[in-house]
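Secondary and tertiary structure notes
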Amino acid sequence: MAISMIAAIGKNRELGKNNDLIWHFKEDMKFFRETTTGNTVVMGRKTFESLPHALPNRRNIVITQNKNYVADGAETAGSIDEALEMAKNDNVFIIGGGKIYSEFLEFADKLYLTEIDDECEDADTFFPYFNKEDYNAERLTDFTVDGIHFSHILYTKK
């Protein structure tokens, strides 16, 4: 099993605000879709509920402690260990939220990060700190939209 994380983060590792993404760039959404399609995506319940529906052309696994939770179009797991067992033969992308990223960071070999050259002072969800010295970084693309620069960076654990 290959485990990767994918996220869009601001200068201070900001991820979200009020259970939604802070930045919505068409180019980044395309990158996310192309990178994760055909793979398994694992997310927390709040992230799943922030989506309009289960992500198409991907196996969706939602981690929730509510044993009776029904995630239309997705499977549910009661823990990280259960999600890992369910996806043991898959290429897995962790897609959020903040707590799920923190809990999976030690297992991830790759981090696909959209690094946004902007800040959100009232963000309430953050990507976990990681030591960039522990990774090889490869810049994949660069964009500027509405005066905001962002880069897709692939961090591969050394």
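For clarity, every value in this text was computed on a predicted model and none was experimentally measured. (Residues numbered from 1 in each chain as written. Predicted model: local features only at pLDDT ≥ 70, side-chain atom pairs only at ≥ 80, totals over all residues. Heavy atoms only, no water.)

We now examine the overall build of the protein. Scanning the protein from N- to C-terminus turns up four helices and 11 strands. The C-alpha radius of gyration computed for the protein amounts to 15 Å, which stays within 12% of the reference 15 Å derived for 158 residues, consistent with globular compactness. The burial tally for the protein puts 45% of its 158 residues in the buried class. Contacts in the protein between residues at least 24 apart in sequence constitute 62% of all its contacts with a sequence separation of at least 6. On the protein, roughly 8,700 Å² of surface is accessible, and the fraction owed to carbon and sulfur atoms is 45%. Distance between charge centres in the protein, computed from 18 positive and 27 negative side chains, equals 3 Å. (Helix = DSSP H or I, 4+ residues; strand = E, 2+ residues; numbered from the N terminus. Rg over C-alpha atoms; globule rule 2.2 N^0.38 Å. Buried < 20%, exposed > 50% of the residue type's maximum accessible area, 1.4 Å probe, protein only. Contact = heavy atoms within 4.5 Å. Areas by Shrake-Rupley, 256 points an atom, 1.4 Å probe, with all protein chains shown as cover. Lys, Arg positive; Asp, Glu negative; His and termini not counted. Charge placed at Lys NZ, Arg CZ, Asp CG, Glu CD.)

The next point concerns the nonpolar core. With 27 residues, the main nonpolar core has Met5, Ile94, Phe104, Leu111 and Phe127 as its most contacted residues. Taken together, the elements giving at least two residues each to this core come down to strand S1 (2-9), strand S5 (59-63), helix H3 (80-86), strand S7 (91-94), helix H4 (98-104), strand S8 (110-116) and strand S11 (148-157). Look past the residues within four positions of Ile94 in its chain and what remains in contact with it is Ile3, Ser4, Met5, Ile6, Val42, Ile100, Tyr101 and Phe104. Judged by nonpolar contacts, the second largest core, of 14 residues, contains Phe31, Val41, Leu55 and Phe93. (Core = buried A, V, L, I, M, F, W, Y, C linked by side-chain atoms within 4.5 Å.)

The next subject is the pattern of salt bridges. Pairs can form between side chains of opposite charge once their charged atoms are near each other. Under the definition given, this model contains 10 salt bridges. For Arg59, the salt bridge identified is with Glu75, shortest N-O distance 2.6 Å. Linking Arg59 in strand S5 with Glu75 in strand S6 (residues 75-77), this pair joins segments that are 16 residues apart in sequence. Between Arg139 and Asp142 there is a salt bridge whose closest N-O contact spans 3.0 Å. Note on Arg139: relative accessible area 52%, which makes it exposed. You can call Asp142 partly exposed: its relative accessible area is 38%. When salt bridges that share partners are traced, they join Arg59, Glu75 and Asp90 into one network. (Salt bridge = Lys/Arg side-chain N within 4 Å of Asp/Glu carboxyl O.)

On to the packing of aromatic side chains, then. Counting across every chain of the model gives 10 aromatic pairs. Relative to Phe107, the ring of Phe104 lies with its centre 6.3 Å away and its plane at 70°, an arrangement referred to as edge-to-face. Residue classification places Phe107 among the partly exposed residues on the basis of a relative accessible area of 33%. Between Phe127 and Phe130, the ring centres sit 6.1 Å apart and the planes meet at 85°, which makes this aromatic pair edge-to-face. Each member of the pair, Phe127 as well as Phe130, is classed as buried. (Phe/Tyr/Trp six-rings, centres within 6.5 Å; stacked < 30°, edge-to-face > 60°.)

None of the figures reported here should be taken as evidence of function without further support.
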